[in-house]
Amino acid sequence: MNKKHILSPEEILAQKTYIEQMRRENDAYAAQTGKRRGAFVMTFGCQQNEADSEKIAGMAKSMGYSLVTDPECADLIMVNTCAIREHAEQKALSIIVKYKHIKAKNPDLVIGVCGCMVAQEHRKNDIKFRYPYVDFVFGTASLHRFPQLLCQKLEKGKRLYCPEETEYTVAEDLPIHRESDYRAWVSIMYGCNNFCSYCIVPYVRGRERSREMHKIVEEVQGLVRDGYKDITLLGQNVNSYAKDSGFPYDFADLLRELDKIEGDYVLRFMTSHPKDADRKLIDVMADSGHIAHQFHLPMQSGSDRILSLMNRKYDTAKYLDIVDYMRKKMPDVTLTSDIIVGFPGETEEDFEGTMRMLETVRFDMLYSFIYSPRKGTPAAEMEQVPQAVKSQRFERLLELQGRIGKEKNDLLVGKTLRVLCDGVSKNNSELYSGRTEGNKIAFFEGDVEDAGKFVNITVKRADAFALYGEKI
Ligand code: SAH
Ligand code: SF4
Ligand code: F3S
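Just so you know, these numbers come straight off a predicted model, no measurement behind them. (Residues numbered from 1 in each chain as written. Chains lettered and ligands numbered in written order. Predicted model: local features only at pLDDT ≥ 70, side-chain atom pairs only at ≥ 80, totals over all residues. Heavy atoms only, no water.)

Caption draft 1: Structural context of the sheet that holds strand β10 (residues 230-234). Strands sit in the order β7-β10-β11 across an open sheet of 3 strands; the sheet is parallel. Of all the strands in the sheet, just β7 (183-187) and β11 (266-270) have a single pairing partner and so form its edges. Averaged over all pairs of adjacent strands, the angle between their axes in this sheet comes to 25 degrees, without regard to strand direction. Where β10 and β11 come together, 5 bridges link them in parallel fashion. Pairing of Ile231 across the sheet is with Leu267, part of β11. Seen against the sheet, helix α7 (residues 213-225) touches β7 and β10 and runs at an angle of roughly 175 degrees to β7. (Pairing = 2+ DSSP bridges. Helix = DSSP H or I, 4+ residues; strand = E, 2+ residues; numbered from the N terminus. Axes fitted to C-alpha atoms, helices over the stretch in contact; angles between N-to-C directions. Contact = heavy atoms within 4.5 Å.)

Caption draft 2: Structural view of the pairing of strand β3 (residues 76-81). Within β3, 6 of the 6 residues are buried, leaving the element largely enclosed by the surrounding structure. Of the two faces of β3, the one holding Leu76, Met78 and Asn80 and the one holding Ile77, Val79 and Thr81 are both buried throughout. Sheet topology places strand β1 (residues 38-43) next to β3; 5 bridges connect them, and they run parallel. Residue pairing for β3: Ala39 is matched across the bridge by Leu76. As paired elements, β3 and strand β4 (residues 110-115) share 6 bridges and run parallel to each other. Bridged to Met78 within β4 is Gly112. You can see the chain leave β3, run along helix α3 (residues 86-105) and come back into β4, and the turn it takes is right-handed. (Buried < 20%, exposed > 50% of the residue type's maximum accessible area, 1.4 Å probe, protein only. Right-handed = clockwise from strand over helix to strand, strands pointing away.)

Caption draft 3: Structural context of the packing of aromatic side chains. A full pass over the atoms with the stated rule returns 15 aromatic pairs. For the ring pair Phe136 and Phe138, a centre distance of 5.9 Å and an interplane angle of 35 degrees mean the geometry is tilted. Relative accessible area serves as the criterion here: at 0%, Phe136 is assigned to the buried category. With 5.1 Å between their ring centres and 80 degrees between their planes, Phe251 and Phe269 make a pair best called edge-to-face. Placement of Phe251 in helix α8 (residues 251-259) and of Phe269 in strand β11 is noted, with a sequence separation of 18 residues between them. Take Phe251 and Phe269: they sit in the same class, and that class is buried. Through a chain of ring-to-ring contacts, the aromatic side chains of Phe136, Phe138 and Phe146 assemble into a single cluster. The residue whose ring lies beneath Lys128 is Tyr161, and the NZ or CZ to ring-centre distance is 5.4 Å. Directly above the ring of Phe454 sits Arg418, whose terminal nitrogen or CZ lies 3.6 Å from the centroid. (Phe/Tyr/Trp six-rings, centres within 6.5 Å; stacked < 30°, edge-to-face > 60°. Lys NZ or Arg CZ within 6 Å of the ring centre and 35° of its normal.)

Caption draft 4: Layout of the packing of helix α12 (residues 348-361) against helix α13 (residues 387-410). At their nearest, the axes of α12 and α13 sit 10 Å apart, and the two run at 10 degrees to each other. Considering the angle they form, α12 stands roughly parallel to α13. In the crossing of α12 with α13, the sense of the turn from one axis to the other is right-handed. Here Glu348, Phe351, Glu352, Thr354, Met355, Leu358 and Glu359 of α12 lie close against α13, whose contacting residues are Arg393, Arg396, Leu397, Leu400, Gln401, Arg403 and Ile404. When its residues are assigned to classes, the contact of α12 with α13 shows 6 nonpolar, 2 polar and 6 charged. (Parallel < 35°, antiparallel > 145°, perpendicular 65-115°, else oblique. Left-handed = near helix turned anticlockwise from the far one by under 90°. Nonpolar A, V, L, I, M, F, W, Y, C, P; charged D, E, K, R; others polar.)

Caption draft 5: View of α13. Helix length check: α13 (24 residues) gives 34 Å between terminal C-alpha atoms against 34 Å at 1.5 Å per residue, within 8%. Within the sequence span of α13, burial applies to Lys390, Arg393, Phe394, Leu397, Leu400, Gln401, Ile404, Gly405, Lys408 and Asn409. Residues of α13 that are buried sit in contact with α11 (316-329), β13 (334-341), α12, β14 (365-370), β18 (454-462) and β19 (466-471). (Expected span 1.5 Å × (residues − 1).)

Caption draft 6: Representation of the nonpolar core within the structure. Core analysis: the biggest nonpolar cluster contains 73 residues, and Ile188, Leu233, Tyr241, Phe251, Phe269 and Phe295 have the highest contact counts within it. Those residues in contact with Tyr241 that lie beyond four places of it in its chain are Ile188, Met189, Ser210, Arg211, Glu212, Met213, Ile216, Tyr249, Asp250, Phe251 and Leu254. Counting residues in hydrophobic clusters, the runner-up holds 29 residues, among them Ile77, Cys116, Tyr133 and Val134. (Core = buried A, V, L, I, M, F, W, Y, C linked by side-chain atoms within 4.5 Å.)

Caption draft 7: Examining the site of ligand 2 more closely. Near ligand 2 you find Cys192, Asn194, Phe195, Cys196, Tyr198, Cys199, Val201, Pro202, Gln236, His273 and Arg312, and these make up its full shell. The residue inventory of the shell around ligand 2, partitioned by class, reads 7 nonpolar, 3 polar and 1 charged. (Near = heavy atom within 4 Å.)

Caption draft 8: View of the site of ligand 1. Near ligand 1 lie 15 residues; those nearest to it are Tyr198, Gln236, Gln300, Asp338 and Ser372. Contacts to ligand 1 include Arg85, whose side-chain N or O atom sits 3.2 Å from an oxygen atom. Gln236 places a side-chain nitrogen or oxygen 2.7 Å from a nitrogen atom of ligand 1. Bound to the protein, ligand 1 loses 90% of the 530 Å² it would expose on its own. When residues of the shell around ligand 1 are traced back to their parent elements, those giving at least two are β13 and β14. Taken together, the residues that form the shell around ligand 1 break down as 7 nonpolar, 4 polar and 4 charged. (Polar contact = N/O pair within 3.5 Å; in protein donor to acceptor, adjacent residues only side chain to side chain. Areas by Shrake-Rupley, 256 points an atom, 1.4 Å probe, with all protein chains shown as cover.)

Caption draft 9: View of the side chain of Asp350. As for its position among the elements, Asp350 is in helix α12. A polar atom in the side chain of Asp350 sits 2.7 Å from the side chain of Arg305. Polar side-chain contacts of Asp350 include one of 2.9 Å to the backbone nitrogen of Thr347. What Asp350 contacts, discounting residues up to four positions off in sequence, is Ser303, Arg305, Ile306 and Gly345.

Caption draft 10: Quick peek at unusual backbone geometry. The peptide bond linking Met270 to Thr271 adopts the cis configuration, its omega dihedral lying at 5 degrees. In this model, Ala242 sits at a positive phi of 80 degrees, which is unusual for a non-glycine residue. Among the structural elements, Ala242 can be located in the loop between β10 and α8. Positive phi, close to 65 degrees, is recorded for Asn311, a residue that is not glycine. With relative accessibility at 28%, the residue Asn311 sits in the partly exposed group.

This is the structure we're talking about:
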């Protein structure tokens, strides 16, 4: 068994000492001025990054900052960045420029940039040379050192760049400030070993490393005790949980343990990888009391040739085999996937293969992406598909999935489903919205007191992306 990747309690304690130091300073400032310093955290990217931001916010709060929702009112702004596609990086860079204007009005404002984008040396250098108003920068490996880096920055006054960050660890027991009081993220592992040829994640989040099962069980027990209703376990490839460390259990064992926790809650997980999703896992799901019958299984392409170029290590036959078994054991399962359109060398025939797989599998929903070359990944060096072809294929894919998604959702009309209510809908203030066990969005006429609770609705109509129902 290998626990070398788990940070020692002494190292965590060292960060807690910095937290205390900042706390004293911020308390003194509040006592003097009658105003507490504010911290604002801006997050780009996936749920992993949202979970990381909850740690940044938790540490900031412990350091005596009040968390603010308006960057204009902040004394500390943290931008947690993503590098998955060009667009994600451009969005982060343009928001950093916006914060420059806030700093012009408040020269004491401290701006920090962290996360996947700046785990790349070339992006760190971009910030260094082209964004001089950014005060400190650190990548995902240094997340737990945020208190130390902030203290050092404030003490020395100079801009601070973490040098080569290559030591990827698991840091337990950091403070977390959760955004919601009924939905929670729980990271069970970090990093990725798969090196899909298009993907930047293994380069910016390091190798796979898992948390120990008892730490995860404790965290989930605490969440259920605190009334959390919807808990999502996170990892880039949760199916390989614990394998990296040689722990004497696997992901299915973890799920079985968590399922024993008593209470009224739903457990989900993401993301799975078709090369590692096995029958044992599906059996545990099917037999469980709390695990949602929902599976997000990225397929990426429906062409075996492209899957091989992508280094995905499965083919369409293997993918269909998992789907068949899943649907046999859980006929009500909601199945979603990720698709990349326009991977280098994708021919019309390859793309037709993807379209055929959509017709065969009939996903409930798809997250589809136009391939974006990532510096340093093998696919970025391959022969690229012209932008116009990529866009046109993307439109065709969306159109087909729009039809299938609507047909799948129509099957739910007349059914009664349990929905975890999120309160008044952001898009339609006359309706309340929530998520079904399958994680589908549902709209209905609700009440203030429904927010954060399970309600039952009868589905009256559906479109490709949502269900519309009546509360009973
Ligand atoms: N670990 C997960 C999620 C990775 S990122 C997994 O293995 O599925 C989420 C999705 O972004 C991926 O599934 C993929 O579909 C997409 N993606 C990753 N790199 C991309 C790139 N360079 N261009 C376009 N989409 C990409
Ligand atoms: Fe990226 Fe592949 Fe790892 Fe997912 S499994 S994070 S797509 S390299
Ligand atoms: Fe997530 Fe983006 Fe990093 S998708 S892992 S935040 S590159």
